[in-house]
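Each chain is listed here by its residues.
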Amino acid sequence: MAFEQLPKKDWYSILGADPSADVSDLKQKYQKLILMYHPDKQSTDVPAGTVEECIQKFIEVDQAWKILGNEETKKEYDLQRHEDELRNLGPVDAQVYLEEMSWNEDDHSFFLSCRCGGKYSVSKDEAEEVNLISCDTCSLIIELLHYG
Ligand SMILES: [Zn+2]
């Protein structure tokens, strides 16, 4: 995906939004900011540095909306964000292949017991995309390896 080449930024905070905000809320914030920072809206007598800053902001806000306003890229960004958060929690406890996990027919998910007695689980739908899984009880995480 193209946006992976972009520097890592917190697109939610650029829009001044909470990660739990819904798309219409994000859109509102985007529209407000894009108007505020739009180069055409700047008065000509502001110092040059400020104009630069506004343009920079304008570009950032625009990028943020390109990512968060699109269902696909937002999902990918949220996932990446979630994994960054998990990585910050602590080291990966183990690396496993999906094949090493057990299948739960009841809720169509793969699971693995954690040494704390808790459980790592990932739904069948998410298994393809997810790289890190957190234990439902303790703070341990495992890395899910994908073949190929
Ligand atoms: Zn655990």
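It should be noted that the structure appears before, not after, this text.
The notes below deal with the structure included here.

Cut-off values and rules
Residues numbered from 1 in each chain as written. Predicted model: local features only at pLDDT ≥ 70, side-chain atom pairs only at ≥ 80, totals over all residues. Heavy atoms only, no water. Donors = N, O, S within 2.8 Å, 3.2 Å for Na, K, Ca; no water. Tetrahedral: all angles 85-135°; square planar, octahedral: opposite > 155°, others 65-115°. Helix = DSSP H or I, 4+ residues; strand = E, 2+ residues; numbered from the N terminus. Expected span 1.5 Å × (residues − 1). Buried < 20%, exposed > 50% of the residue type's maximum accessible area, 1.4 Å probe, protein only. Arc of directions from axis to C-beta. Core = buried A, V, L, I, M, F, W, Y, C linked by side-chain atoms within 4.5 Å. Contact = heavy atoms within 4.5 Å.

### Overview of the coordination of the zinc ion
Thought 1: Coordination of the zinc ion by the protein involves C114 (SG), C116 (SG), C135 (SG) and C138 (SG), with metal-donor separations of 2.2 to 2.3 Å.
Thought 2: Each of the four donor atoms around the zinc ion contributes to a set of angles spanning 105 to 113°, which defines the coordination as tetrahedral.

### A word on helix 2 (residues 23-37)
Thought 1: Over its 15 residues, helix 2 runs 21 Å from end to end, which matches the ideal 21 Å to within 8%, given 1.5 Å per residue.
Thought 2: Among the residues of helix 2, those classed as buried are L26, Y30, L33, I34 and Y37. The arc enclosing the buried residues of helix 2, seen along the axis, measures out at 100°, which places them on a common side. Turned more than 90 degrees off the buried face of helix 2, the exposed positions are S24, Q28, K32 and L35.

### Re the nonpolar core
Thought 1: Among the nonpolar cores identified, the biggest contains 19 residues, and W11, L15, L26, V61 and L68 are the most heavily contacted of them.
Thought 2: With seven residues, helix 3 (residues 48-68) is the largest single contributor of residues to this core.
Thought 3: Not counting the four nearest positions on each side in its chain, L68 is found in contact with W11, Y12, L15, L26, K74 and Y77.
Thought 4: Counting residues in hydrophobic clusters, the runner-up holds 14 residues, among them A127, V130, I133 and I142.

### Considerations on unusual backbone geometry
Thought 1: A positive phi is found at H108, a non-glycine position, where the angle reads about 50°.
Thought 2: The partly exposed category is assigned to H108, whose relative accessible area is 40%.

### Some points on the environment of V92
Thought 1: Turning to its location among the elements, V92 is positioned in strand 1 (residues 92-97).
Thought 2: V92 sits in the partly exposed class, given a relative accessible area of 30%.
Thought 3: Separated by 42 residues in sequence, V92 and S134 place their C-alpha atoms 9.4 Å apart.
Thought 4: Beyond its immediate chain neighbours, meaning those up to four positions away, V92 contacts L132, I141, I142 and E143.

### A few points about the environment of M101
Thought 1: Within the secondary structure layout, M101 lies in the loop between strand 1 and strand 2 (102-104).
Thought 2: Owing to a relative accessible area of 7%, M101 belongs among the buried residues under this scheme.

Distances and angles like these do not, on their own, reveal function.
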